[in-house]
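Notes for the structure review
Chain by chain, the residues run as shown.
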Amino acid sequence: MDGVNIPLDHVLLLSALLFICGLLGLMMRRNIIFILVSLEVMLNSSAVAFVAAGARWGQADGQIVFMMILAVAAAEVAVGLGLVLQIQRRFKSLDMDDANRMQG
Amino acid sequence: MLKLLPLIPLFPLISSILLMVTLGKMPKKFVAILGAGSVGLAAVTTLLVGLAFMESGQPYHQVLWTWMQVGNFSPDIAFYLDGLTLVMMSVITGVGFLIHLFSTEFMEDDVSVSRYFAYLNMFVFAMLILVMADNLLLLYLGWEGVGACSYLLVGFWYQNPENGAAARKAFVVTRIGDAAMAVGLFLLFTELGTLDIQPMAEAAKTQWQVGDTVPVIACLLLLGGAVGKSAQLPLHTWLPDAMAGPTPVSALIHAATMVTAGVYLIARTHELFLLAPPAMLAVALVGLITSLMAAFTALNQHDIKRILAYSTISQIGYMFLALGVGAWAAGIFHLVTHAFFKALLFLAAGAVIHCLHHEHNIFKMGGLRTRLPVVFWSFLIGSAALAALPFTSGFFSKDMILLQAYELPGAGPWLWAGGLLGALLTAIYSFRLVFVVFFGEAKMEPDKLPGIRMALPLSLLCVLSIIGGWFALPLSSVFPAAGDHHPSHLIEGISISIPLIGLAIAYLIFLGGQLKVDGLVNSNIGQVLKKFWFSGWAMDWLYDKLWVRPYKFLAYILRRECMDDIYNTIVKFCQFLFMVLSRTQTGRLRWYATSMVFGLILVIALLQGAI
């Protein structure tokens, strides 16, 4: 395969940056939709790492795991959006700090 | 005939069980017939067995069955009949029957007469087991049995809380002695390997020398049991309060039979006591001091039954004195005559109380001589025997005790002098009772007269109180011979004259009025002494301060269990951790995510060995 040969290090660096962005978003955003988006970013950052690793060693496993992550992400979004609707109905807002009734 | 022996305790037992299971539904007439009749049958059987025993003259041993078998310890349910047992059985069934007969009239108005006779029959059963047992364990069964029946009968009129308290006191105080006795039995068993009385005495004689430590300790522990049951110093405080029970109960249990169980125990184990001279001396001293203290107390009481209760304590003190100086036969002789005249006095007192609207205070009585002649003569004869006037039964037995005490080398004359002082006091307080109750002006009119079922036992006991001293008890084969006594005429003369002097003093003070003691009594020291003696040498006060209050205080401190505190601390710690950790559950999603991230970082760092 002739193409631009990107070193593995660079891809892993990208993956780590994406993961940290997602993690920071998860920890800092209050809107539940952005939290879900951050989760997607984190999932996909690991997916990138899998694909890169698969390409590096010429194995198909990495791409298969990527497909599985897609499926997990889709399922997660289905559940997550259901929760979003419920939270919106119950609290009339999407701020997760309002949904803190279950405590100590 | 001797084979009939087990029937004797069986009759009262069957009667008692029948009375218990019928729950008081039985007609009163049957109750009386069953209750008194069963003891009567036992008395007749005792007579038959006694005649057969006299013919053979040999101790008779009958094993019924093995009680239990634990290792090499296998006590039997077995009876041993010798002269001592026969004497005790005759007193228990004979005097017991007369008192049962008296009770049928005394208790006929009571609603729970069935319960009364059930307890009383059970008592006779337990007392018979006590004296017939061939081993100390079976004896202990009877010992505890009479204690339980005594508790039930003292608290018979249980609606009054005071009676319940008196019953509890009797039970608890005697229990202290019983604990000592139980320890004594354990000691004897571990040392000698058996509790059968005859083999035990043999083993003790071969194993121990006179004056060894172990027999002294064992005998002192047995003495502890005896002083508890026989109301001697320092465990005597329960007996005056035990007068809360019906009067025939006081006559049977707290005068004639149960309280003499301690005397019987020491006489039965006399071969052990002979190996322990210090324990013998302790017995004599306990007896003498108790008899003097109780006599002083009896001088000051005004409840007719309490006077008799203190006189019982005093007379049992004489029996202990006799046992302590080795006059075994004299002690048992006094036990028998005391059973006669004290039962007579108590029954007569019961008749007075019964006929006088349940009045107990002697100073509210008076002039009953002409109104209740049968009771008067009974009381007079009983008091004469109690005071040991010449030729009454009490005279012979008490004289024997005092003379043998005098013969004891060393402390003998002192014991004799103390005994004489007690005899003088006995004469004074017993005739004080007679003069105050039966002479002088009448202050109350009796509302009924004693019937035949009261008069008959009284008359029979009168006869026994007079001629009781002429019986020769079959004790010579049981006890070592006491040796010949040749007291000087002076000693004998003093012994005879002392009760007469007491009688004269009582007459001069309480009837003639020639001797004025008001000035002496009303002086400061007189008042103090009077109060002191009235309270029974303040023993109850002392025990209250020494034992009851500290015990209550401890109970107050320990009412929360200390062990619980340890477990409660663990619980408190867990609750504290829970409080702290539940703070971290804020319900904020971002907080959870952040803490998870930092936790994860921490775990990875630990795994990498960075920290």
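Look up a bit, the structure's there.
Every chain's residues receive numbers from 1 upward, in the order its sequence appears when written. Chain labels run from A onward and ligand labels from 1 onward, assigned in the order the entries are written. It should be noted that, the model being predicted, local features are given only for residues of pLDDT at least 70 and side-chain atom pairs only at 80 or more, the latter also being counted only at that level, while totals for whole chains, interfaces and linings use all residues. The basis for the side-chain values is all heavy atoms of the structure; hydrogens and waters are excluded.

**Some details on the overall build of chain B**
Here a helix means four or more residues in a row that DSSP labels H or I, a strand means two or more in a row labelled E, and each is numbered from the N terminus. A count of helices and strands for chain B gives 26 helices and two strands. Projected onto its principal axes, the C-alpha coordinates of chain B cover approximately 115 × 60 × 60 Å. Three exposure classes are used, based on accessible area relative to the maximum for each residue type with a 1.4 Å probe and protein chains only: buried under 20%, partly exposed in between, and exposed over 50%. The buried share of chain B, taken over its 611 residues, is 54%. Note on contacts: a residue pair is in contact if any heavy atoms of the two residues lie within 4.5 Å. Counted over contacts in chain B with a minimum sequence separation of 6, partners at least 24 positions apart contribute 81%. Where accessible areas are quoted, they stem from the Shrake-Rupley method and a 1.4 Å probe; at the residue level, only the protein chains shown are allowed to cover. Roughly 26600 Å² of accessible area belongs to chain B as shown, and the carbon and sulfur atoms make up 70% of that amount. With 34 positive and 32 negative side-chain charges, chain B shows a spacing of 14 Å between the two charge centroids. The charged-residue count follows a simple rule in which Lys and Arg add positive charge and Asp and Glu add negative charge, with His and chain termini not counted at all. The location of each charge is read from NZ of Lys, CZ of Arg, CG of Asp or CD of Glu.

**Concerning empty space enclosed by the protein**
Residues and elements named next belong to chain B. Using only the protein atoms, space was sampled on a 1 Å grid; points where a 1.4 Å probe fits but cannot get out form cavities, open sets with protein on both sides within 12 Å along at least five of seven lines form pockets, and lining residues are those with an atom within 4 Å of a point. Grid points are joined across faces, edges and corners, and a volume is the space filled by probe spheres set on the points. As enumerated under the stated definition, the model contains five cavities of 30 Å³ or more in all. Computed from the structure, the largest cavity encloses a volume of approximately 60 Å³. As for the largest cavity, its lining consists of Ala388, Phe395, Lys398, Asp399, Leu402, Leu420, Ala423, Ser495, Ile498 and Pro499. When residues of the lining of the largest cavity are traced back to their parent elements, those giving at least two are helix 18 (393–407), helix 19 (412–438) and helix 21 (489–512). Here the element with the most residues in the lining of the largest cavity is helix 18; it accounts for four residues. Under the scheme applied here, ten amino acids are nonpolar (Ala, Val, Leu, Ile, Met, Phe, Trp, Tyr, Cys and Pro), four are charged (Asp, Glu, Lys and Arg), and all others, including Gly, are polar. Class assignment of the residues belonging to the lining of the largest cavity gives a composition of seven nonpolar, one polar and two charged.

**Topic: the packing of helix 4 (residues 113–132) of chain B against helix 5 (residues 136–154) of chain B**
All names here are of chain B. Axis geometry follows a simple rule: fit a line to the C-alpha atoms, using only the stretch in contact for helices, then measure angles between N-to-C directions, giving values from 0 to 180 degrees. Look at helix 4 against helix 5: their axes get within 7 Å of each other, and the N-to-C directions meet at 155 degrees. Classed by the angle they form, the pair helix 4 and helix 5 counts as roughly antiparallel. In this structure, the crossing between helix 4 and helix 5 has a hand that is left-handed. Across the interface between the two elements, Tyr116, Tyr119, Leu120, Met122, Phe123, Ala126, Met127, Ile129 and Leu130 of helix 4 pack against Leu138, Leu139, Gly142, Trp143, Gly145, Val146, Cys149, Leu152 and Leu153 of helix 5. Angle categories are assigned with fixed cut-offs, so that under 35 degrees is roughly parallel, over 145 is roughly antiparallel, 65 to 115 is roughly perpendicular, and the rest are oblique. Less than a right angle of anticlockwise turn of the near helix away from the far helix marks a crossing as left-handed, whereas a clockwise turn marks it as right-handed.

**Points about the packing of helix 3 (residues 83–106) of chain B against helix 4 of chain B**
Residue and element names in this part refer to chain B. At a minimum axis distance of 9 Å, the contact between helix 3 and helix 4 shows a crossing angle of 170 degrees. One finds that helix 3 runs roughly antiparallel with respect to helix 4. The residues of helix 4 that touch helix 3, namely those facing Thr85, Met88, Met89, Ile92, Thr93, His100, Ser103 and Thr104, are Tyr116, Phe117, Leu120, Asn121, Val124, Met127, Leu128, Val131 and Met132. Along the lines of polarity and charge, the residues of the contact of helix 3 with helix 4 split into eleven nonpolar, six polar and no charged.

**Quick notes on the packing of aromatic side chains**
Residues and elements named next belong to chain B. Put simply, two rings from Phe, Tyr or Trp (the six-membered ring, in Trp's case) pair if the centres are within 6.5 Å, and we call them stacked under 30 degrees between planes, edge-to-face over 60, tilted for the rest. The final tally for this structure, using the stated rule, is 17 aromatic pairs over all chains. With centroids separated by 6.1 Å and ring planes inclined at 65 degrees, the aromatic side chains of phenylalanine 156 and tryptophan 157 adopt a geometry described as edge-to-face. Under the relative-accessibility criterion, phenylalanine 156 is labelled buried at 0%. What makes tryptophan 157 partly exposed here is its relative accessible area of 28%. Between phenylalanine 379 and phenylalanine 438 the ring centres are 5.2 Å apart and the planes differ by 50 degrees, which places this aromatic pair in the tilted class. With phenylalanine 379 in helix 17 (residues 373–386) and phenylalanine 438 in helix 19, the pair connects residues that are 59 residues apart, well separated along the chain. The two residues phenylalanine 379 and phenylalanine 438 agree in class, both being buried. Within the aromatic cluster, the residues linked to one another by ring pairs are Phe376, Trp377, Phe379, Phe431, Phe435, Phe438, Phe439 and Tyr507. We call a charge positioned above a ring when the Lys NZ or Arg CZ atom is no farther than 6 Å from the ring centre and deviates by at most 35 degrees from the ring normal. Seen from the ring of phenylalanine 171, arginine 175 lies directly overhead, with NZ or CZ sitting 4.0 Å from the centre. Here the basic side chain of arginine 559 rests over the ring of tyrosine 556, its NZ or CZ set 4.4 Å away from the ring centre.

**Section: unusual backbone geometry**
The step from B:Leu233 to B:Pro234 runs through a cis peptide bond, and the omega angle for that step is 0 degrees. Checked against the element boundaries, B:Pro234 lands in the loop between helix 8 (213–229) and helix 9 (238–241). For A:Lys92, which is not glycine, the phi torsion reads 55 degrees and is therefore positive. Mapped onto the elements of the fold, A:Lys92 is located in the segment after helix 3 (61–91). Residue B:Phe391 is not a glycine yet carries a positive backbone phi of 75 degrees. Given a relative accessible area of 58%, B:Phe391 falls into the exposed group.

**Side note on the interface of chain B and chain A**
Each side of the interface is counted separately: chain B has twelve residues, and chain A has 14 residues. By definition here, a salt bridge exists when the distance from a side-chain nitrogen of Lys or Arg to a carboxyl oxygen of Asp or Glu is within 4 Å. Taken together, the links from chain B to chain A amount to one salt bridge. Ionic pairing is found between A:Asp97 and B:Arg590, a salt bridge with its closest N-O pair at 2.7 Å. A 3.5 Å cut-off defines polar contacts: any pair of N or O atoms within that distance qualifies, except that in protein one atom must be a possible hydrogen donor and the other a possible acceptor, and neighbouring residues in sequence count only when both atoms are side-chain atoms. Where chain B packs against chain A, one counts two residue pairs in polar contact (both at pLDDT 80 or more). Here the side of chain B that touches chain A gets seven residues from one element, more than from any other, and that element is helix 26 (residues 589–608) of chain B. Across the side of chain B that touches chain A, the residue classes break down as five nonpolar, five polar and two charged.

**A word on the pairing of strand 2 (residues 76–81) of chain B**
All names here are of chain B. Of all six residues in strand 2, six are buried; the element is thus mostly enclosed. Neither face of strand 2 is open: one carries Asp76, Ala78 and Tyr80, the other Ile77, Phe79 and Leu81, and all of them are buried. Two strands qualify as a pair provided that DSSP identifies no fewer than 2 bridges between them. Alignment of strand 1 (residues 60–66) against strand 2, held across six bridges, turns out to be antiparallel. Its bridge partner lying in strand 2, tyrosine 60 is registered against leucine 81.

**Quick look at the pattern of salt bridges**
A side chain with one charge may pair with a side chain of the opposite charge, provided their charged atoms come close. All names here are of chain B. As enumerated under the stated definition, the model contains eleven salt bridges over all chains in all. Among the ionic pairs, aspartate 82 bridges to arginine 268, the shortest N-O distance being 3.0 Å. Placement of the pair is aspartate 82 in the loop between strand 2 and helix 3 and arginine 268 in helix 11 (residues 261–268), with a sequence separation of 186 residues. A relative accessible area of 6% means that aspartate 82 is categorised as buried. Arginine 268 sits in the buried class, given a relative accessible area of 6%. The residue lysine 205 makes a salt bridge to glutamate 271 at a minimum N-O spacing of 3.5 Å. Within this pair, whereas lysine 205 is found in helix 7 (residues 197–207), its partner glutamate 271 is found in helix 12 (residues 270–274), the two being separated by 66 residues in sequence.

**A short note on the side chain of B:Asp178**
Residues and elements named next belong to chain B. Tracing the chain through its elements places aspartate 178 in helix 6 (residues 161–192). A polar contact is formed between the side chain of aspartate 178 and the side chain of arginine 175, at a distance of 2.3 Å. Those residues in contact with aspartate 178, other than ones at most four positions away along the chain, are Tyr140, Trp143, Glu144, Gly225 and Lys229.

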